[in-house]
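Each chain, letter by letter, is given below.
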Amino acid sequence: MLDNSLSEAGGDSRSHRQSPMGLRHDWRLDEAKVIYDLPFNELLFRAQTVHRANFDPNIVQKCQLLSIKTGGCAEDCSYCSQSSRYDTGLKASKLMALEEVLEGARAAKVNGATRYCMGAAWREPKQRDMKAVSTMVQQVKAMGLETCMTLGMLCDDDVSQLKAAGLDYYNHNVDTSERFYPEVITTRTFADRLETLGRVREAGIKVCSGGILGLGETPTDRVDMLVTLANLPEHPESVPINMLMAIEGTPLEGAAQVDAIAFVRAIALARIMMPESYVRLSAGRSEMSDELQALCFFAGANSIFCGEQLLTADNPGEDADEALFAKLGLKAETSGSPGHMD
Ligand code: SAM
Ligand code: DTB
Ligand code: SF4
């Protein structure tokens, strides 16, 4: 039913060009909201059933992030430590040297990561930076890791260069619902984001796109964001679901914590609407209990960011994750033990 051959690095190399399982791209907000609001046990049962039809429920993919260019960003994303508009105390830095990036990649591989995600605090890359980031992609890939980049908006020329360098995935989040989006970011539009996602897909680079919960959005906004992702012409191969990490100095520093059960509901809905996608339990794990993370895995999350740091914020780190995996009987995905079913 699926072409489940893994790339060398052990990740998901399915094309998603066809819909062998009858993948849907016509979700209505009202029907998705009915699923999101199901009695919790019913929702989890359905999500776990979909999950087991597509993935080994005990295998979790590990991805490692690296900020290759930190801070000083011109955008006004109200959650972000790296926007130059907010005084978050973050020290801005220039594009990282290749050797430092490769050193991080080596360490990530030793820690069992199969994907290396490089992020830059840019509105969009400048032409002069494309050569350097393309070299990073080529050399990280040559180490046997899957490559992912998140560099902001891309033009046609950028995507061609990244594709030529061999980039596997591009991360660009829709972040929230189209309705709520202008409350969070004013310097680029929701439509701009969809345009970049379209370019990435068109170039044949796999798509990683998700969003953040806890920005002050309503439950309907959360569902709407997931419906947007599920109704893209092809489902993103990776769907990161972040819990807001409230950063001091940003407009969202005092945002109310998102309810844990509501967070699990969003993971479950993502799993049900995008059955073949890797749903990543992303930012915010350092604030989550083992029990909450376990519920997220049960609801269908099957990917995490590993290591002690995300881009600028804390992450649980190797020891904590090793203990969590041992407690839950989870195994990290490798090329020899892929998470998805044949
Ligand atoms: N500058 C690029 C961009 O915005 O596309 C790439 C990096 S940006 C930090 C990537 C994503 O990280 C954002 O779209 C957002 O979803 C997530 N993110 C950033 N700060 C966060 C925070 N404080 N809490 C949770 N997620 C966050
Ligand atoms: C995603 O959805 N989450 C990651 C990755 N894609 C680039 C980033 C999380 C950032 C958390 C805040 C920080 O480290 O600054
Ligand atoms: Fe810049 Fe990305 Fe942060 Fe927005 S999320 S301020 S674009 S680094």
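The present account deals with the structure reproduced in this document. Predicted model only: the values in this text are computed from it and were never measured.

1. Remarks on the packing of helix 4 (residues 127-142) against helix 5 (residues 156-165)
Between helix 4 and helix 5, the least distance of the axes is 8 Å, while the angle of their chain directions is 25 degrees. The pairing of helix 4 with helix 5 is recorded here as roughly parallel in orientation. When the axes of helix 4 and helix 5 are compared, the crossing they make is right-handed. Residue-level inspection shows Gln 127, Met 130, Val 133, Ser 134, Val 137, Gln 138 and Lys 141 of helix 4 in contact with helix 5, the latter providing Asp 157, Asp 158, Gln 161, Leu 162 and Ala 165. Class assignment of the residues belonging to the contact of helix 4 with helix 5 gives a composition of five nonpolar, four polar and three charged.

2. What about the environment of Ala 262?
Looking at where Ala 262 falls in the secondary structure, it is placed in helix 9 (residues 260-273). Considering only alpha carbons, one finds Ala 262 and Leu 324, 62 residues apart in sequence, at a separation of 22 Å. Sequence-distant contacts of Ala 262, that is, excluding residues within four places in its chain, are made with Tyr 36, Leu 213 and Arg 222.

3. So, the site of ligand 2
Neighbouring ligand 2 are 13 residues, the closest being Asn 173, Asn 242, Leu 311, Thr 312 and Ala 313. At 2.5 Å, a side-chain N or O of Thr 312 approaches an oxygen atom of ligand 2. Backbone polar atom of Ala 313 to an oxygen atom of ligand 2: 2.9 Å apart, as the coordinates give it. Burial of ligand 2 by the protein amounts to 87% of the accessible area it has alone, namely 400 Å². With respect to the pocket detection grid, ligand 2 is positioned in the largest cavity. For the shell around ligand 2, the class distribution of residues is seven nonpolar, six polar and no charged.

4. Description of the site of ligand 3
Every residue lining ligand 3 is accounted for by Cys 73, Glu 75, Cys 77, Tyr 79, Cys 80, Ser 83, Ala 121, Trp 122 and Arg 188. One can see that ligand 3 is located within the largest cavity.

5. Description of the environment of Gly 307
With respect to the helices, strands and loops of the structure, Gly 307 is situated in the loop between strand 9 (303-306) and helix 11 (318-328). Residue class for Gly 307 comes out buried when judged on its relative accessible area of 7%. It is 19 Å that separates the C-alpha atoms of Gly 307 and Cys 208, two residues lying 99 residues apart in sequence. With residues up to four places along the chain from it excluded, the contact list for Gly 307 reads Gln 64, Asn 315, Pro 316, Gly 317 and Glu 318.

6. So, the pattern of salt bridges
The full count for this structure, using the stated rule, is 21 salt bridges. The partner of Glu 31 in a salt bridge is Arg 24, with the nearest N and O atoms 2.6 Å apart. Under the relative-accessibility criterion, Arg 24 is labelled partly exposed at 29%.

7. Here's the deal with the pairing of strand 7 (residues 238-243)
Here strand 7 lies mainly inside the structure; six of its six residues are buried. Burial of strand 7 is two-sided: the residues Ser 238, Pro 240 and Asn 242 facing one way and the residues Val 239, Ile 241 and Met 243 facing the other way are all buried. In terms of strand pairing, strand 6 (residues 211-213) meets strand 7 through three bridges, oriented parallel. Within strand 7, the position partnered with Leu 213 by the bridge is Met 243. After leaving strand 6, the chain enters helix 8 (residues 219-230) and then returns to the sheet as strand 7, a path that is right-handed. In this sheet, strand 8 (residues 278-281) lies alongside strand 7 in parallel orientation, the contact comprising four bridges. The partner of Val 239 across the bridge, within strand 8, is Val 279.

So, how was this worked out
Residues numbered from 1 in each chain as written. Chains lettered and ligands numbered in written order. Predicted model: local features only at pLDDT ≥ 70, side-chain atom pairs only at ≥ 80, totals over all residues. Heavy atoms only, no water. Axes fitted to C-alpha atoms, helices over the stretch in contact; angles between N-to-C directions. Helix = DSSP H or I, 4+ residues; strand = E, 2+ residues; numbered from the N terminus. Parallel < 35°, antiparallel > 145°, perpendicular 65-115°, else oblique. Left-handed = near helix turned anticlockwise from the far one by under 90°. Contact = heavy atoms within 4.5 Å. Nonpolar A, V, L, I, M, F, W, Y, C, P; charged D, E, K, R; others polar. Near = heavy atom within 4 Å. Polar contact = N/O pair within 3.5 Å; in protein donor to acceptor, adjacent residues only side chain to side chain. Areas by Shrake-Rupley, 256 points an atom, 1.4 Å probe, with all protein chains shown as cover. 1 Å grid on protein atoms, 1.4 Å probe; cavity = no way out; pocket = protein on both sides within 12 Å on 5 of 7 lines; lining within 4 Å. Sits in = over half its atoms within 2 Å of the grid points. Buried < 20%, exposed > 50% of the residue type's maximum accessible area, 1.4 Å probe, protein only. Salt bridge = Lys/Arg side-chain N within 4 Å of Asp/Glu carboxyl O. Pairing = 2+ DSSP bridges. Right-handed = clockwise from strand over helix to strand, strands pointing away.

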